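# Per-entry structural report
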Amino acid sequence: MPMPSRNILLFVLFLASLLPACKEQPAMPAELQEINEMLEKKSGNPFYLLKDYKQKAQEQPEAVRMYYDFLTIKFEDWLMVYDHKLRPHSDSLITNVLRYYEEQDNRKLLPEVYYYAGRIYGQMGDAPRALDYYHQALNASSAQTDARLMQRIYFQMGHLFWFQSVYDEALKAKHKALSYKQLASDTLSEIFILKSLGGTYADLGKT
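A brief report on the enclosed structure follows. The residue count restarts for each chain, going from 1 along the sequence in the order it is written. With the structure being a predicted model, the display of local features is reserved for residues of pLDDT at least 70 and the display and counting of side-chain atom pairs for 80 or more, all residues being used for whole-chain, interface and lining totals. For the side-chain quantities, the full set of heavy atoms in the structure was used; hydrogens and water were omitted.

### A short note on the environment of Ser90
- Per the convention used, a helix needs a DSSP run of H or I reaching at least four residues, while a strand needs a run of E reaching at least two, with both numbered from the N terminus. Following the sequence through the fold, Ser90 ends up in the loop between α4 (62-82) and α5 (92-104).
- In this structure, the C-alpha to C-alpha distance between Ser90 and Tyr121, residues 31 residues apart in sequence, is 9.4 Å.
- Looking at Ser90, its side chain comes within polar contact range of the main-chain nitrogen of Ser92, at 3.0 Å. Distance and chemistry together define a polar contact, namely a pair of N or O atoms within 3.5 Å, with one atom able to donate a hydrogen and the other to accept it when in protein, and with adjacent residues in sequence counting only for side-chain atoms on both sides.

This is the structure:
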């Protein structure tokens, strides 16, 4: 091989080595997939399934342990929706989960992980940090095709803006949530968004 061609080939190989490796994600155990499905469909209570799998998770590879922790966060958030007195006491679990999925560059789950980070910091009273994670979730490319997740993100952003009396931004975010909710064909959640929009307009004196 002529020297210039060889140098070009070596340069191309060097550039390729700088690109983030596409890490294949292992299939998750059926029990964890079942828990996630229950949380997504809000069908039943996965508490005992999570509890029973806790010890087993410690014996699994890191990918499975992190996914178990992610589902634990997701379940705790699900509980807070039904019991507004519940609050996260620490961000240690979400910090570890965020670190892992960012290092893995798991573009499938990262938008949802960012969303739950926003939820946790919002519940802990750190609105700027919560909004930052919601923006990171929105900017993750794989989130753009998930109408339900986009609706959740914009709705929570609207709630944070409303709580801080930034009503114009709250309205923008809630209208965005409503548009994605219609795309997701989720009539029940659409009712709650409309109710929230009504409250925001009332606060603006537009009864």
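### Digging into helix α2 (residues 30-41)
- A helix's residues, less one, multiplied by 1.5 Å, set its expected span. The first and last C-alpha atoms of α2 sit 16 Å apart over twelve residues, in line with the 16 Å expected at 1.5 Å per residue.
- Every buried residue of α2 is listed here: Leu32, Ile35, Asn36, Met38 and Leu39. Along the long axis of α2, the arc covered by the buried residues comes to 160°, so they all point the same way. Every exposed residue of α2 that faces more than 90 degrees away from the buried side is listed here: Ala30 and Lys41.
- For this analysis, residues touch if any pair of their heavy atoms sits within 4.5 Å. Looking at the packing, one finds that the buried side of α2 touches α3 (47-57) and α4.
- Following α2 by one or two positions, Lys42 adopts a phi angle in the positive range, close to 55°. Only protein chains enter the accessibility calculation, which uses a 1.4 Å probe. A residue is then buried if its area is under 20% of the maximum for its type, exposed if over 50%, and partly exposed in between. Regarding the arc, it is the one traced by the directions from the helix axis to the C-beta atoms.

### Section: the side chain of Lys74
- Within the fold, Lys74 resides in helix α4.
- Owing to a relative accessible area of 3%, Lys74 belongs among the buried residues under this scheme.
- With near-sequence residues (within four places) excluded, Lys74 lies in contact with Asn36, Leu39, Glu40, Glu112 and Tyr116.

### With respect to helix α7 (residues 127-139)
- Under the 1.5 Å per step criterion, the end-to-end length of α7 is 18 Å for 13 residues, consistent within 8% with the ideal 18 Å.
- When we look at burial in α7, the residues that qualify are Ala127, Ala130, Leu131, Tyr133, Tyr134, Ala137 and Leu138. Looking straight down α7, one finds that the buried residues subtend no more than 160° of arc, so they occupy a single side. Of the exposed residues in α7, those oriented more than 90 degrees away from the buried face are Pro128 and Asn139.
- Of the surrounding secondary structure, the elements contacted by the buried residues of α7 are α5, α6 (110-123) and α8 (147-163).
- Looking at where α7 begins, the residue whose side-chain oxygen comes 3.2 Å from the main-chain nitrogen of Arg129 is Asp126.

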